[in-house]
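In case you want the letters, here they are:
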Amino acid sequence: MQGMLYEESTVWLFLLVTVVMGGWMAWMIGRGIALGWRPYWQAVLSLLLLGVAVRFIHHALFEGTFVSPHYYVVDTIVLLVIGSAGYRATRARQMTTQYRWLYERSGPLTWRAKAGA
């Protein structure tokens, strides 16, 4: 997997920087965009910029390549998955709290119309 998903000498650096640190920021970006009732495309745009920041952290702290389209895509896909989950979880909570007479939760990331609504 080394060389395909991450360039560091160990997977732990990839997990720390991309999944833990970047993932936390991605979740908070998705949550913040959803709390402001903004559209999903704004979350995607912000997460693409976060991908650049994560690549910079890899470069500055662990001497990784900064301008690497391959690793940027890998990092950004991870961030998009986590950020989208944060957006959907927050939006599902908003919809079922703000419009509880219309919607009910059908899962951690989804909601549905209530029967009889």
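Everything here concerns the structure above.
Please read all numbers here as calculations on a predicted model, not as lab measurements. (Residues numbered from 1 in each chain as written. Predicted model: local features only at pLDDT ≥ 70, side-chain atom pairs only at ≥ 80, totals over all residues. Heavy atoms only, no water.)

(A) How the structure looks around the overall build of the chain. On a plain count of helices and strands, the chain comes out with 3 helices and 2 strands. What you see in the chain, going N to C, is helices and strands ordered as α-α-α-β-β. The C-alpha radius of gyration computed for the chain amounts to 17 Å, which surpasses the reference 13 Å derived for 117 residues by more than 25%, pointing to a less compact arrangement than a globule. Its C-alpha atoms give the chain principal-axis dimensions of roughly 60 × 25 × 20 Å. Scored against the burial criterion, the 117 residues of the chain give a buried share of 32%. Contacts spanning at least 24 positions in sequence make up 57% of the contacts within the chain whose residues lie at least 6 apart. A total of about 7,000 Å² of accessible surface is found on the chain, and carbon and sulfur atoms cover 69% of it. Charged side chains in the chain number 10 positive and 5 negative. The centres of these two groups are separated by 24 Å. (Helix = DSSP H or I, 4+ residues; strand = E, 2+ residues; numbered from the N terminus. Rg over C-alpha atoms; globule rule 2.2 N^0.38 Å. Buried < 20%, exposed > 50% of the residue type's maximum accessible area, 1.4 Å probe, protein only. Contact = heavy atoms within 4.5 Å. Areas by Shrake-Rupley, 256 points an atom, 1.4 Å probe, with all protein chains shown as cover. Lys, Arg positive; Asp, Glu negative; His and termini not counted. Charge placed at Lys NZ, Arg CZ, Asp CG, Glu CD.)

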